[in-house]
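Structure assessment
Now for the letters of each chain:
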Amino acid sequence: MSFEIQVERQLGERTIRAEFTAPGGLTALFGPSGAGKTSVLNMVAGLLKPDRGRVLVGGEVLFDSEAGIDVAVQHRRAGYVFQDGRLFPHRRVRDNLLYGWALASPEARWMTLDHATDFLGIGHLLDRWPRTLSGGEAQRVSIGRALLCAPRFLLMDEPLSSLDAPRREEIMSVIERLRDKLELPILYVSHDRAEVERLASQVIELGG
Amino acid sequence: MSGLFTADEWEIVLLSLKVSAVAVVLTIPVAFALAWLLARGRFAGKVLLDAVVHLPLVLPPVVTGWLLLIAFGNNGPAGRWLNEWLGITFMFRWTGAALAAAVMALPLMVRAMRLSIEAVDRRLEDAAATLGASPMHIFSTITLPLAVPGLLAGAVLGFARSIGEFGATITFVSNIPGETRTLPLAIYGALQIPGSEAQVTRLSLIAVALSLAALVASEVLVRRSGHGRGGHVL
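Computed from a predicted structure; not experimentally measured.

1. Looking at the overall build of chain A
A tally of regular secondary structure across chain A gives 6 helices and 10 strands. Taken over C-alpha atoms, the radius of gyration comes to 17 Å for chain A, in line with the 17 Å a tight globule of 208 residues would show. With the principal axes as the frame, chain A shows a C-alpha extent of 45 × 40 × 30 Å. Here chain A holds 208 residues, and the buried ones make up 53% of them. Long-range pairs, those at least 24 residues apart, make up 69% of the contacts in chain A with a sequence separation of at least 6. Here chain A displays about 8800 Å² of accessible surface, and carbon together with sulfur accounts for 46% of that area. Once the 26 positive and 28 negative side-chain charges of chain A are each reduced to a mean point, those two points are 4 Å apart.

2. Looking at the overall build of chain B
Looking only at helices and strands, chain B features 10 helices and 0 strands. Put simply, chain B runs from its N terminus to its C terminus through helices and strands in the order α-α-α-α-α-α-α-α-α-α. With respect to the three principal axes, the spread of C-alpha positions in chain B is 70 × 45 × 30 Å. The 234 residues of chain B split such that 44% are buried. Sequence-distant contacts, at least 24 apart, represent 68% of the contacts inside chain B between residues at least 6 apart. Put simply, chain B shows about 11600 Å² of open surface, and 70% of that area lies on carbon and sulfur atoms.

3. Thoughts on the pattern of salt bridges
Any two side chains of opposite charge can pair, so long as their charged atoms come close to each other. Scanning all chains against the criterion turns up 26 salt bridges over all chains. A salt bridge links Asp8(B) to Arg181(B); its shortest N-O distance comes to 3.2 Å. With Asp8(B) in helix α1 (residues 7–40) and Arg181(B) in the loop between α8 (167–173) and α9 (183–191), this residue pair connects regions lying 173 residues apart in the sequence. Residue classification places Asp8(B) among the partly exposed positions, given a relative accessible area of 34%. We classify Arg181(B) as buried; its relative accessible area is 16%. Within the structure, one salt-bridge network assembled from shared partners comprises Asp84(A), Arg86(A), Asp121(B) and Arg123(B).

4. Some thoughts on the packing of aromatic side chains
Summed over all chains, the structure comprises 9 aromatic pairs over all chains. Measuring from centroid to centroid gives 4.0 Å for Tyr80(A) and Phe82(A), while their planes differ by 10 degrees, and the two rings are stacked. Considered together, Tyr80(A) and Phe82(A) belong to a single accessibility category, that of buried residues. Summarising the aromatic geometry, the rings of Trp81(B) and Trp85(B) are spaced 6.4 Å apart at their centres and angled 35 degrees between planes, so their arrangement reads as tilted. Of this pair, Trp81(B) and Trp85(B) both sit in helix α4 (residues 77–86), 4 residues apart, which is roughly one turn of the helix. These aromatic residues form a ring-pair network of at least three members: Phe32(B), Trp36(B) and Phe139(B). The ring of Trp101(A) has Arg109(A) sitting right over it, with the charged end atom 3.7 Å from the ring centre. A cation over an aromatic ring shows up here: Lys18(B) above the ring of Trp94(B), its NZ or CZ 4.3 Å from the ring centre.

5. Focus on the confidence of the model for chain B
Residue and element names in this part refer to chain B. Of the residues in chain B, 94% reach a pLDDT of 70 or more, and the chain-wide mean stands at 90. At the low end of the mean pLDDT range in chain B sits helix α10 (residues 197–224), at 85; at the high end sits helix α6 (residues 122–130), at 97. The low-confidence segment residues 228–234 (pLDDT under 50) makes 13 contacts with residues lying over four places distant or belonging to another chain.

6. Some words on the packing of α1(B) against helix α2 (residues 46–58) of chain B
All names here are of chain B. Contact geometry for α1 and α2: axes closest at 10 Å, N-to-C directions at 145 degrees. Like other packed secondary-structure pairs, α1 and α2 cross with a definite hand, here left-handed. Residues Leu-34, Leu-37 and Leu-38 of α1 lie in contact with α2, whose contacting residues are Lys-46, Leu-49, Asp-50 and Val-53. Residues belonging to the contact of α1 with α2 are distributed by class as follows: 5 nonpolar, no polar and 2 charged.

7. A look at empty space enclosed by the protein
Over the atoms rolls a probe the size of a water molecule, and its path tells where empty space is left. Residues and elements named next belong to chain B. One pass over the full model with this rule turns up 1 cavity of 30 Å³ or more. Of the voids in this model, the largest cavity is the one considered here, and its volume is about 50 Å³. Looking at the largest cavity, the residues that line it are Ser-16, Val-19, Ser-20, Ala-97, Ala-101, Ser-162, Ile-163, Glu-165, Thr-169, Thr-182 and Pro-184. Listing elements by their share of the lining of the largest cavity, those giving two or more residues are α1, α5 (94–118) and α7 (135–164). It is α1 that provides the largest number of residues to the lining of the largest cavity, a total of 3 residues. Its residues assigned to classes, the lining of the largest cavity shows 5 nonpolar, 5 polar and 1 charged.

8. Examining the nonpolar core
All names here are of chain A. Core analysis: the largest hydrophobic core is formed by 60 residues, its most contacted members being Phe-20 and Leu-155. Discounting residues that sit within four places of it in the chain, Leu-155 has contacts with Leu-41, Val-44, Ala-45, Ala-78, Gly-79, Tyr-80, Val-81 and Leu-187. Ranked by size, the runner-up nonpolar core spans 37 residues in total, among them Val-93, Phe-119, Leu-148 and Leu-184.

9. Points about the layout of surface pockets
All names here are of chain B. Roughly 580 Å³ of volume is contained in the largest pocket. Along its surface, the largest pocket is lined by 26 residues, and Leu-68, Phe-72, Leu-99, Ala-102 and Val-103 are the ones closest to its centre. Elements that contribute at least two residues to the lining of the largest pocket include exactly α1, α2, α3 (61–72) and α5. Considering only residue class, the lining of the largest pocket consists of 23 nonpolar, 3 polar and no charged.

10. A short note on the sheet that holds strand β10 (residues 202–205) of chain A
Residue and element names in this part refer to chain A. On the basis of which strands lie adjacent, the open sheet formed by 5 strands has the order β7-β8-β9-β3-β10 and parallel pairing. The open sheet terminates on both sides in strands that have one partner only, identified here as β7 (78–81) and β10. Shown here is a sheet whose adjacent strand axes are inclined to one another by a mean of 20 degrees, direction ignored. Strand direction decides the pairing type here: strand β8 (residues 153–157) and strand β9 (residues 186–190), joined by 4 bridges, are parallel. Looking at the pairing, Leu-154 lines up with Ile-186 of β9.

Each value, and the rule that gives it
Residues numbered from 1 in each chain as written. Chains lettered and ligands numbered in written order. Predicted model: local features only at pLDDT ≥ 70, side-chain atom pairs only at ≥ 80, totals over all residues. Heavy atoms only, no water. Helix = DSSP H or I, 4+ residues; strand = E, 2+ residues; numbered from the N terminus. Rg over C-alpha atoms; globule rule 2.2 N^0.38 Å. Buried < 20%, exposed > 50% of the residue type's maximum accessible area, 1.4 Å probe, protein only. Contact = heavy atoms within 4.5 Å. Areas by Shrake-Rupley, 256 points an atom, 1.4 Å probe, with all protein chains shown as cover. Lys, Arg positive; Asp, Glu negative; His and termini not counted. Charge placed at Lys NZ, Arg CZ, Asp CG, Glu CD. Salt bridge = Lys/Arg side-chain N within 4 Å of Asp/Glu carboxyl O. Phe/Tyr/Trp six-rings, centres within 6.5 Å; stacked < 30°, edge-to-face > 60°. Lys NZ or Arg CZ within 6 Å of the ring centre and 35° of its normal. pLDDT = per-residue confidence, 0-100. Axes fitted to C-alpha atoms, helices over the stretch in contact; angles between N-to-C directions. Left-handed = near helix turned anticlockwise from the far one by under 90°. Nonpolar A, V, L, I, M, F, W, Y, C, P; charged D, E, K, R; others polar. 1 Å grid on protein atoms, 1.4 Å probe; cavity = no way out; pocket = protein on both sides within 12 Å on 5 of 7 lines; lining within 4 Å. Points joined across faces, edges and corners; volume = space filled by probe spheres on them. Core = buried A, V, L, I, M, F, W, Y, C linked by side-chain atoms within 4.5 Å. Pairing = 2+ DSSP bridges.

Structure (structure tokens):
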């Protein structure tokens, strides 16, 4: 499983450009704020359309401007963990976790709810509403939701940025276990050098 | 209860409720479609559509009533078509009162619904898409449920507005007891008769009570559907 990314997109005055190839493991997109790291992630997810370029994951073409290929977001099977969690406020934790799981085809699923809740230690949160969760709890739930949608790769956008130090440590160790135990390729956005040095198998510098 | 109101007053209140309920129920889908277009649509003429929807809010109601008369009267283009195909007539009928109430309530309902659609966090819809949801599925599981408090608020506001509708109704379908004489029209009629202050007072108190009940109901509905977030519309 690998990422082959070559994208370009004009956003107002800025031109977001990224070109890199990364094998499996955790690939960090590292750079200052405003370098367009999140935009690159959104282009891989299919939320933002590149003006030109190619996006390949595990050899499969998700986007190719020249060939006219643009796989719709809902068919890309990316597990996207957002900076702000983005849990659905009108669904309890259980229904948040199962949202993508219910939509995935049964043969594509590789994780069960029990497996995910054990892995992330969130079994006791299932009946809670998202607004009652702490920052660390919410981020673990949002990681679980992404894992359960049967993704072939993960996109993580500064998943630690809204957390205090003890919570960061807790989520960081979760991410290390994701990287090592699940062997899921991860594209990881951060502007924190220490975080990147600890987690990343390879680092792609953007902008600056 | 029956001792509280005279038979005449009962008739007026029940007619008002029927006219307003029918007006609101039929307007909800129209208002929602318009609200959706205005909140999410990108098309030429959006400003014009917005203006047309809001027209009944600023036009003299008598003009709205007169326009309804031209369009939906027995010889009007829309009126003739509806009569021939569906057997619906509006002239001097409670259906006409409901149509007038619907047209007058539309801008308020569209406004409230549009605000509630615009308030839905698009980033949640993006998140749902990455989880495998199609646009239709996103609409029914994310956008619509999150917009429901505002949709209910819009409906209740429309209901309250319909109860109070006067000018367009009396112009369009006149003031006929048992058919088009809703609360405001009955109050207006009573005011024309010397010595009917007591009846005016009673009818006005009913109007106040109904309007108040509608507004309180909307608050309660919104709070109950707010997932404990305590959202409100007023």
